[in-house]
Amino acid sequence: MAAAGGVPGLEAQRREVEAAEQRGLRAGERWYLLENHWYQQWKEYVESGDQNSSSFPGHINNSELFEDLESFRLKERLVESEEYVLVPEDAWNKLVSWYGLEHDQPPIERKVVELPSTQKVEVYPVELYLCQHNDLDSPVTTQFSRVDTIDAVLQEARGQFEVPPEDETRLWVKNSDGSCERLRNIHMTVLDACLSTGQVVIMETRNKDGTWPSSRPHVMRNSVEDDELYRGQPGVCGLTNLGNTCFMNSAFQCLSNVPPLTEYFLNNHYLGELNFSNPLGMKGEIAEAYADLVKQAWSGHHRAIVPRMFKFLGYQQHDAQELLSFLLDGLHEDLNRVKRKEYVELRDAAGRPDEEVVEEAWRNHKRRNDSIIVDIFHGLFKSTLVCPACGKVSVTFDPFCYLSVPLPVSQERTMELFFVYMDPRCKPQQHRVVVPKAGKVLDLCIALAKHTGVPAEQMMVADVFSHRFYKLYQADEALSCILDRDDIFVYEVAGGLAEPGGALVLPVYLRERAPPRDGDPGYGVVLFGHPLLVSVPQAQLSWDALYSLLLERLSRYVRRPESGSEEEEESEEEDLYDPQANGLSEGEEEEAAPDEGPACQAEEGSSGGSGGPPTPSPPQVTLPPTANRPKRKCRRQRVLFTVRPVNANGTSERPALPGEGFALHAQPYIAIDWDSDMKKRYYDEEEAEGYVKHECMGHVQRRQRVKLRECVELFTTVETLEEENPWYCPTCKRHQLATKKLDLWALPEVLIIHLKRFSYTRLAREKLDTLVEFPIRDLNFSDFIIKPRADVAPAPHKYDLIAVSNHYGSLRDGHYTTFARNKDSGQWFYFDDSSVSPVAEAQIESKAAYVLFYQRQDRIRPPGTAPYPRPPDAGGGCCSDSMEVD
């Protein structure tokens, strides 16, 4: 019989239940399964109108719907309206209150889910097997609605396996082929994740050293155990170089030592802000990979880690600043709180007050861009363009993530070189000259003429590398072709080279022929010494005369055999050019009496003189060609070397017939070949390598240095747009080369300053090694902020340095390192790939500094204290209360 007291009459019961059933399905509501036989008996009972009827149904009994009464697992493939009916929560609660539920039977509760184009009660939820990564053989069976989120699955797994709150976990689903796939988006539903009944879901717990068990690098077991035992200071962790990835390592170490960003990842705030739908992002992959690196670096369990995250970044960039820009943008889009970006039309100021325009600009920016990156790194420029034709003024406010400030560039450069006189008695002189950066090779010669007294038109400039001429420069070539590291030699040559019949300038190499070995008759040829440019009168050119001329040119460091020595012998006269491979020939004895006391002579190691020697006249070689002369017996000296025509590399010889004389080519190259024994006896290597320093080398160069303030001032200076980048004037209706001025309106919590050391122009490409003096503490930007200040609450514009990315080397190659201040200890460290060492503050400032990271003083916490709390939305930004700058 129905319970008395508070139970409505039978007709009232029928009306209340039918009214609840007729409401229809609503997504998220709870409905309940009711055994159809009991339900039909209840309907018969209430329709009878007799409370004492024998059709009284008794307690609700769903036993026929269960496979057994222990697990209470629902039978498979039950048919609605035949074996069960569905009633809404209101009706179920009333029926239970009126009739009660059979003892120990659980209610069969199901949710209404919204499927594509329909809503239905989910009678059979998705049944998953949950297990831990380290115990796959003990799964727990759990049911989930298709509209439950992956986060609900994760929380259920954490509860089932009693995971401590501080441990970080993630889920994998095991596919039918045995592979595992990350369930990355915890906001996705079970339906959208395509999970189905019977699938295994694995929960993985992050190791104490910040790594995941599934992604731990494959290293020797001893190494793993060493890392597990190692306890170091969090954050003091190197990065392995994966092959020219020092620029990536430097960028990461700088960002890793930005306190608010690192604490955001260490405290897992990023997990709730991963944006998996942003088409401009990487579906959260960059943010998760960066988080993995941060957690490993700050676990204190590693001396160095392998930066696997860089596989997302690729190797297109080789510049730390470019990579920082790419990484910050990638993190921003992966963590953007704006899920759907709305279209925002940008408006010009049009005479409105700055305060109104900037508020609108920042609001529009935040409507599309709202992330931890914006909170920490974004500031605002005021950009003012003025049309030179009509005077139209355009004002906009633009967000920025870093300041790229130019370095004051000198229009001159200093070059070091060696000058080689024609006078063989003069040693080469080392000079340092100042020339225009955009100058020509002729400008170098003109500057050198002031030191030497030799006219610029009687100079030839060459790049010497590995004992040969790498390049011979023309007078009209740009000096930008010559790098500071090049070995530049400038040679004095005879005047009148362009005149008919004038002297010919021959490039001359020195070579040594090795003796035969192991019966091999061939000779090996090795270049040595400094090459020469020798002026030879064309009218008197012959191999005999050339030998004599070269012997005279080498006379400072080549000794001649004395008269009557064993080198003299009686033989028939032959041509001095001998193409045979023995390396020896004979020639007429030429005795040249060198003049006493050359004017250019200077003591070795001294600074040299300011003037040059009088230009010697080209040697007058009067010996006629010997090809057609009859042979005769004479007293001769054995020649010291042979002369051969070669290619520009000095490695291959050009064939020539012994009797045809000297063959002229567009640029003939000559080699002086020495027999090893003759070279040892007559060639003085020490003297040949000797040189003197001109007095200009003694002048102490003033070290070029600028203050960071000068760079910022240059950044805010008015400039005229280049022709390649004109501005379209809305008044003139045409592109104009307007003037442009950038001003700083508001600065972020962390200010990144990029020193533009790499200069690219139409005339030259260079790296500026200027020393920029930057403060470690108290960098004050008050004078640069144009936003009006409130008298009662002056803004904090002082910053302290927290990290520096350094670049050593040149444009073509180089190496990146990092100085960074540890957020916990306040100690500075030097990061050089996998090597990390403490460093004193006095060592931080150098001409290698490339990217500077400053944090505003009011947001820096003392070492050992808790981090400053951030608002619930991790908010900030240059226009919020926490980032206010007025």
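Cut-offs and rules
- Residues numbered from 1 in each chain as written.
- Predicted model: local features only at pLDDT ≥ 70, side-chain atom pairs only at ≥ 80, totals over all residues.
- Heavy atoms only, no water.
- Helix = DSSP H or I, 4+ residues; strand = E, 2+ residues; numbered from the N terminus.
- Buried < 20%, exposed > 50% of the residue type's maximum accessible area, 1.4 Å probe, protein only.
- Contact = heavy atoms within 4.5 Å.
- 1 Å grid on protein atoms, 1.4 Å probe; cavity = no way out; pocket = protein on both sides within 12 Å on 5 of 7 lines; lining within 4 Å.
- Points joined across faces, edges and corners; volume = space filled by probe spheres on them.
- Nonpolar A, V, L, I, M, F, W, Y, C, P; charged D, E, K, R; others polar.
- Pairing = 2+ DSSP bridges.
- Axes fitted to C-alpha atoms, helices over the stretch in contact; angles between N-to-C directions.
- Salt bridge = Lys/Arg side-chain N within 4 Å of Asp/Glu carboxyl O.
- Phe/Tyr/Trp six-rings, centres within 6.5 Å; stacked < 30°, edge-to-face > 60°.
- Lys NZ or Arg CZ within 6 Å of the ring centre and 35° of its normal.

**Student:** I'd love a proper account of the overall build of the chain, names of residues and values included.
**Tutor:** Scanning the chain for helices and strands turns up 16 helices and 42 strands. Burial statistics for the chain: of 886 residues in total, 49% are counted as buried. Excluding contacts between residues fewer than 6 apart, the proportion of contacts in the chain whose partners are at least 24 apart in sequence is 72%.

**Student:** Could you give me a rundown of empty space enclosed by the protein, with the residues and numbers involved?
**Tutor:** All told, the structure shown has 4 cavities of 30 Å³ or more when counted by the stated rule. In this structure, the largest cavity occupies an estimated 200 Å³ of space. Considering the residues around the largest cavity, the lining is formed by 19 residues, among which Val420, Pro428, Leu532, Arg556 and Tyr557 are closest to the centre. Elements with a minimum of two residues in the lining of the largest cavity: strand E19 (488-492) and strand E21 (525-537). Of the residues forming the lining of the largest cavity, the biggest block, 4 residues, is contributed by E21. Within the lining of the largest cavity, the residues separate by chemical class into 13 nonpolar, 2 polar and 4 charged.

**Student:** Residues and numbers for the sheet that holds strand E27 (residues 692-693), please.
**Tutor:** Spatial strand order, E18-E17-E19-E15-E16-E27: 6 strands in an open sheet with mixed pairing. Edge positions in the sheet fall to strand E18 (468-473) and E27, since each has one partner strand and no second. By the bridge criterion, 2 bridges tie strand E16 (residues 429-436) to E27 in an arrangement that is parallel. Its bridge partner being in E27, Gln429 is matched across the sheet by Val692. Of the strands in this sheet, strand E15 (412-420), E16, strand E17 (459-465), E18 and E19 touch helix H12 (residues 441-452), which is tilted by about 130° from E16.

**Student:** Quick rundown of the pattern of salt bridges? Include the residues and the values.
**Tutor:** All chains considered together, the criterion is met by 53 salt bridges. Here Lys679 and Glu512 are joined by a salt bridge, their closest N and O atoms 3.7 Å apart. In this pair, Lys679 sits in helix H14 (residues 676-682) while Glu512 sits in strand E20 (residues 503-513), placing the two residues 167 residues apart along the sequence. A salt bridge links Lys707 to Glu773; the nearest nitrogen and oxygen atoms lie 3.1 Å apart. In this pair, Lys707 is assigned in strand E28 (residues 705-707) and Glu773 in strand E36 (residues 771-773), connecting sequence segments 66 residues apart. Taken together, the salt bridges that share partners define one network made up of Glu273, Arg337, Lys366, Asp370 and Asp375.

**Student:** I'd like to hear about the sheet that holds strand E8 (residues 180-182), residue by residue, with values.
**Tutor:** Strand pairing in a sheet takes place through backbone hydrogen bonds and is either antiparallel or parallel in direction. A sheet is described by the order of its strands in space; here 5 strands give the open sequence E6-E5-E9-E7-E8, paired in mixed fashion. Of all strands in the sheet, those with a lone pairing partner are strand E6 (135-144) and E8, marking the two edges. When the angles between neighbouring strand axes are averaged without regard to direction, this sheet yields 35°.

**Student:** Give me the lowdown on the packing of aromatic side chains, citing residues and values where you can.
**Tutor:** Each aromatic ring pair is characterised by the separation of its centres together with the angle its planes make. With the rule as written, the count across this model stands at 31 aromatic pairs. Aromatic pair Tyr32 and Trp92: ring centres 5.1 Å apart, planes at 5°, arrangement stacked. With a gap of 60 residues between them, Tyr32 in strand E1 (residues 30-35) and Trp92 in helix H3 (residues 89-99) connect regions that are remote in the sequence. The two residues Tyr32 and Trp92 agree in class, both being buried. In this structure an aromatic cluster arises from ring pairing among Phe418, Phe469, Phe489, Tyr491, Tyr509, Tyr669 and Tyr691. The ring of Trp212 has Arg170 sitting right over it, with the charged end atom 4.0 Å from the ring centre. The ring of Trp298 carries the charged tip of Lys823 above its face, separated from the ring centre by 4.9 Å.

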